[in-house]
Amino acid sequence: MTSLYIIIGYLALLIGLGVISNRFSKGTSADFFIVNRSVGSFLLLMSIFGTTMTGFALVGSTGKAYTSGIGTYGLMASWSGLIHSAVFFLVGIRLWAVGKRHGYLTQCEYFRNRFDSQGLGYLLFPILILLLIPYLLVGVISAGKFIQASTKGMFPEQFALNLPNGNPHPLSGGIPPELGGAIICGIVLFYVFFGGLRGAVWANTFQTLVFMITGVIAFWMISSRLGGLSAASQAVLDSEFAKPRAAREGLIGQAQFFTYCFIPLSVGMFPHLFQHWLTAKSAKSFKLTVVAHPIFIMIVWVPCILIGIWAAAHVGPLGPGQSPNSILGRMVESLVHSPVLSGLVGAGVLAAIMSSLDSQFMCLGTMFTKDIVLKKFGEDRFSDSQKVLIARGFILAIVAITYGLSVSLMNSAHVFDLGVWCFSGFAGLFPLVVGAVYWKGTTRLGAIACILVTAVTWSVLFYRDIIAVKPPGAEDELLIAGMMPVTFIVAASAISLVVVSLLTPKPADATLRKFFA
Amino acid sequence: VFGFLPIGLAYHAGYSIVAGLFWYLVSRFAWPESIEKWADEPND
């Protein structure tokens, strides 16, 4: 039960942060939505890093390294380190400046005004929502399942679970994922509801520290149980099953390895990151984020990748029905035998999941408030405190709907496949934000064509990968000529934006003066 | 105004450090200082 007490302690600290952040609230809508644009360098770094790193950074990366080897780091982490910082520098700072100058809170607000088109806002809004919802579901479901696995056997009478043949289920006695998901949703709702984006920023900072520190502690303890760092890696080379994982060749193709660079472009269109960018006190606040982001990714990912390949030597092949995502938990359980470390790793994984959930709930509440209610009835119709009240109502509704959907999809095998498709969709919209920020020649129709082509291309490829029945022996992951599908989505999106913009009337001079120095 | 480590992993971990160093140099010598002033100008 020690590990459960550590997780409860972590969750209690989050509630405390929610209470304290509420005390600091000024009660204004600017404070609730964007912390009065007062976030400095350190908090901006921690909140943005925490938001971009999901539970995949600890659990998924270890499992992926177990199956695909060290190439996982180059594929996902070092590309992200370079590209994320480039997007923060080239797009984030520009959008912060435009947002500050014109008082924007949401992407739709910016794009509507940049292209003088109300219709563009109505077209983009549902697409952003539809891409973000599966991302939320993955977070809630993985949190629920992780809590169940972490607490198995702790409540044998209350949560007994049997297999169809009557034998006890391996997860019997664990907190059911529906209840675990409800606890996580409730706690995130608490500090976002009362603390607004300040609550999320503070919680993200705490959560980022938790998952970075617990990852390093787990790495250190696991390596020492394996006889030290060198012995652990030597065991990989001595194992016929594990040795191929010390290289990329044969596990990840060249074309896939290269075209994965399009996935991190998604951060340029994440609505929740847009809102975090707006919280910055000044453009200089971005400096630490841009510089430290690749280093932070390395600190989190290198230990997890090593644990993953060490597991290939220590655990060997997995049995049928066993998920690679269980590798980190299995290594902690089988090697360390420490309920304290199990509790710390549990808190770390939940911290990584929750640090993305909170910003997403917050930004959806902001979007429904600004882009639907205030857009329809007018800004002046509501007082500042009424705007905050409306946003809180939407946040409550969004958390409830997300939780309801997660319960109904709790046992769907495809939910976790949606992650890369969410990222691919947002990456497909990246040419839209680049065109809006940098090219005066981008036209309203060019922007609309870009959004529509992204939606159609994404839908066709998504259908082929997730919905269509695959022939026997087909690869699990859809690759086209060895390349990631996102390559074709981004290419189609960029080409349509450029071609249609060149063929249609230019934006008005007054509009361009408003957005370009 | 872009030991205990398998060697491929060492290469890419080093790559992350070089990326951080690259962005540090950009922040020192190629930072868009004028954007601060533009953001603070009154909304026209």
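Residue indices follow the written sequence of each chain, beginning from 1 at its first position. Chains carry letters and ligands carry numbers; both start at the beginning, A for chains and 1 for ligands, and go up in the order they are written. Reporting in this predicted model follows two pLDDT cut-offs: at least 70 for local features of residues, and 80 or more for side-chain atom pairs to be given and counted; totals over whole chains, interfaces and linings ignore these cut-offs and use all residues. Working from all heavy atoms in the structure, the side-chain values ignore hydrogens and water.

## Comments concerning the overall build of chain B
The criterion, for reference: Runs of H or I in DSSP of at least four residues are treated as helices and runs of E of at least two as strands, each being numbered from the N terminus. To be clear on the numbers: accessible area is Shrake-Rupley with a 1.4 Å probe, and residue cover counts the displayed protein chains and nothing else.
Secondary structure assignment for chain B yields two helices and zero strands. Across its three principal axes, chain B shows a C-alpha extent of roughly 60 × 20 × 15 Å. Within the structure as shown, chain B displays about 3000 Å² of accessible surface, and the carbon and sulfur contribution to it stands at 67%.

## Looking at the overall build of chain A
Keep this limit in mind: The reference for a compact globule is 2.2 Å times residues^0.38; the radius of gyration itself is calculated from the C-alpha atoms. Exposure classes here rest on a 1.4 Å probe applied to the protein chains alone. A residue is buried below 20% of its type maximum, exposed above 50%, and partly exposed in between. Contacts are assigned to residue pairs with any non-hydrogen atoms lying within 4.5 Å of each other. Charge counting follows a simple rule: Lys and Arg are positive, Asp and Glu are negative, and His as well as the terminal groups are ignored. Every charge is mapped to an atom, namely NZ of Lys, CZ of Arg, CG of Asp or CD of Glu.
Helix and strand content of chain A: 20 helices and zero strands. Whereas a compact globule of 517 residues would reach a radius of gyration of roughly 24 Å, chain A reaches 23 Å, a difference of no more than 12%. Overall, chain A is about 70 × 55 × 45 Å in size when its C-alpha atoms are taken along their principal axes. Within the span of chain A, comprising 517 residues, buried residues form 58% of the whole. Long-range contacts, defined here as pairs at least 24 residues apart, represent 85% of the contacts in chain A between residues at least 6 apart. Summed over its atoms, the accessible surface of chain A is roughly 19400 Å², and 66% of this surface lies on carbon and sulfur atoms. Distance between charge centroids for chain A: 11 Å, based on 33 positive and 20 negative side chains.

## As for the interface of chain A and chain B
Applied cut-off: In short, buried area is how much 1.4 Å probe accessible area vanishes from two parts on joining, totalled over both. Should a side-chain nitrogen of Lys or Arg be within 4 Å of a carboxyl oxygen of Asp or Glu, the pair is scored as a salt bridge. Pairing of N or O atoms within 3.5 Å defines a polar contact, subject to two protein rules: one partner must be a possible hydrogen donor and the other a possible acceptor, and residues neighboring in sequence count only if both atoms are side-chain atoms.
The partner chain B presents 31 residues to the 41 residues of chain A that form the contact. Taking both partners together, chain A and chain B bury about 3300 Å²; carbon and sulfur atoms supply 71% of that area. Broken down residue by residue, the surface that chain A buries against chain B is led by Leu82(A), Phe89(A) and Arg101(A), which jointly contribute 22%. One can count three salt bridges joining chain A with chain B. For the salt bridge of Lys284(A) with Glu36(B), the shortest nitrogen-to-oxygen distance reads 3.9 Å. Here chain A and chain B share seven residue pairs in polar contact (both at pLDDT 80 or more) between them. Those elements that provide at least two residues to the side of chain A that touches chain B are helix 5 (71–102), helix 9 (229–238), helix 12 (286–314) and helix 20 (509–515) of chain A. The biggest single contributor to the side of chain A that touches chain B is helix 5 of chain A, with 17 residues.

## Re the pattern of salt bridges
As a working rule, side chains carrying opposite charge can pair if their charged atoms are close by. In total, this model carries eight salt bridges over all chains according to the counting rule given. Salt-bridge contacts for Lys284(A) lead to Glu33(B); the nearest nitrogen and oxygen are separated by 3.7 Å. In this pair, Lys284(A) sits in the loop between helix 11 (271–278) and helix 12 while Glu33(B) sits in the loop between helix 1 (7–29) and helix 2 (34–40), so the two residues belong to two different chains. Take Lys284(A): its relative accessible area is 42%, and that puts it in the partly exposed class. The closest approach of N and O atoms between Lys370(A) and Glu379(A), which form a salt bridge, is 2.4 Å. A residue is classified by how much of its surface remains accessible, and Glu379(A), at 31% relative accessible area, is partly exposed. Connected via shared salt-bridge partners are Glu109(A), Lys370(A), Glu379(A) and Lys387(A).

## Focus on unusual backbone geometry
All names here are of chain A. Here Val-35, not a glycine, exhibits a phi torsion of approximately 50 degrees, which is positive. Summarising the element assignment, Val-35 is placed in the loop between helix 2 (29–34) and helix 3 (41–52). Even without being glycine, Asn-36 reaches a positive phi, approximately 55 degrees. Residue Asn-36 is classed as partly exposed on the basis of its relative accessible area, which comes to 33%.

## A short note on the nonpolar core
For the record, the criterion: In plain words, nonpolar cores are sets of buried Ala, Val, Leu, Ile, Met, Phe, Trp, Tyr and Cys residues tied together by side-chain atoms within 4.5 Å.
Within the largest apolar cluster, 181 residues are counted, with the highest numbers of intra-cluster contacts made by Phe111(A), Trp301(A), Trp310(A), Met354(A) and Leu432(A). Of all the elements, helix 12 of chain A adds the most residues to this core, at 18 residues.

## What about a nonpolar patch on the surface?
Residues and elements named next belong to chain A. Here is the rule: A patch consists of residues whose relative accessible area exceeds 30% and which take part in no salt bridge; residues with like charges are grouped when within 9 Å of each other, and nonpolar side chains (Val, Leu, Ile, Met, Phe, Trp, Tyr) when within 5 Å.
Judged by side-chain polarity, Ile-495, Val-498, Val-499, Leu-502 and Leu-503 come together as a nonpolar surface patch covering roughly 490 Å² of accessible area. In this structure, Leu-503 sits in helix 19 (residues 486–503). Leu-503 gets classed as exposed once you look at its relative accessible area, which sits at 70%.

## Concerning the packing of aromatic side chains
To keep things clear, this is the line we draw: Pairing of aromatic rings covers Phe, Tyr and Trp, the last through its six-membered ring, and needs centres within 6.5 Å; plane angles under 30 degrees mean stacked, over 60 mean edge-to-face, and all others mean tilted. We count a charge as sitting over a ring when the NZ of a lysine or the CZ of an arginine lies within 6 Å of the ring centre and within 35 degrees of the ring normal.
According to the stated counting rule, one finds 31 aromatic pairs over all chains in the structure shown. Note on Phe88(A) and Trp277(A): the rings are 6.2 Å apart at their centroids and 75 degrees apart in plane angle, and the pair reads as edge-to-face. With Phe88(A) in helix 5 and Trp277(A) in helix 11, the pair connects residues that are 189 residues apart, well separated along the chain. By relative accessible area, Trp277(A) is classed as buried at 0%. Ring geometry for Tyr104(A) against Tyr110(A): centres 6.2 Å apart, planes inclined by 55 degrees, an arrangement best described as tilted. Grouping aromatic residues by their ring pairs yields a cluster made of Phe89(A), Phe2(B), Phe22(B), Trp23(B) and Trp31(B). Geometry around Phe241(A) places Arg245(A) over its ring, the cationic atom sitting 4.3 Å from the centre. In this arrangement the basic side chain of Lys376(A) is found over the ring face of Phe377(A), its NZ or CZ atom lying 5.9 Å from the centre.

## Observations concerning helix 19 of chain A
Helical geometry: 3.6 residues make up each α-helical turn, so side chains three or four residues apart lie on a common side. Which entries qualify depends on this criterion: Here the expected span of a helix is defined as 1.5 Å times the quantity of residues minus one.
Over its 18 residues, helix 19 of chain A extends 26 Å from the first C-alpha to the last, a length consistent with the 26 Å expected when each residue adds 1.5 Å. Buried within helix 19 of chain A are the following residues: Val486(A), Thr487(A), Ile489(A), Val490(A), Ser493(A), Ser496(A), Leu497(A) and Ser501(A).

## Some thoughts on the side chain of Thr487(A)
Summarising the element assignment, Thr487(A) is placed in helix 19. At 2.8 Å, the side chain of Thr487(A) and the backbone oxygen of Met484(A) are in polar contact.

## Remarks on the side chain of His102(A)
Take His102(A): it is sitting in helix 5. At 2.9 Å, the side chain of His102(A) forms a polar contact with the backbone oxygen of Lys514(A).

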